[in-house]
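# Overview (structure and organization)
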Amino acid sequence: MELYMSEVKKERAIKDFNSYIKKERIRLKKVNKIKRIIKILSVVLLALIIYLIKVM
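What counts, and at which threshold
Residues numbered from 1 in each chain as written. Predicted model: local features only at pLDDT ≥ 70, side-chain atom pairs only at ≥ 80, totals over all residues. Heavy atoms only, no water. Helix = DSSP H or I, 4+ residues; strand = E, 2+ residues; numbered from the N terminus. Patch = residues over 30% accessible without salt bridge, like charges linked within 9 Å, V, L, I, M, F, W, Y side chains within 5 Å. Areas by Shrake-Rupley, 256 points an atom, 1.4 Å probe, with all protein chains shown as cover. Salt bridge = Lys/Arg side-chain N within 4 Å of Asp/Glu carboxyl O. Expected span 1.5 Å × (residues − 1). Buried < 20%, exposed > 50% of the residue type's maximum accessible area, 1.4 Å probe, protein only.

### A closer look at the environment of S6
Structurally, S6 can be placed in helix 1 (residues 2-55). Expressed as a C-alpha distance, the spacing of S6 and L52, which sit 46 residues apart in the sequence, is 68 Å.

What follows is the structure, given as structure tokens:
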């Protein structure tokens, strides 16, 4: 009985860990998307500033 309980605990811990990793992976994807958008926006802003300086 004791052995069985420890096996159940192990399996539950593994499941929890796997779901945690999945959540982290999704969160990282979101963070990377946001970072990519920020990079693109900063490049566009830089180009706009340079363009405005040249026009003036």
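### Notes on a nonpolar patch on the surface
A contiguous nonpolar surface patch, about 370 Å² in accessible area, is contributed by I40, V44, L45 and L48. You can see L45 is positioned in helix 1.

### Brief notes about helix 1
The periodicity of an α-helix, 3.6 residues per turn, causes residues three or four places apart in sequence to face the same way. The end-to-end C-alpha separation of helix 1 is 79 Å, in line with the 80 Å expected for 54 residues at 1.5 Å each. Here helix 1 lies mainly on the outside; zero of its 54 residues are buried.

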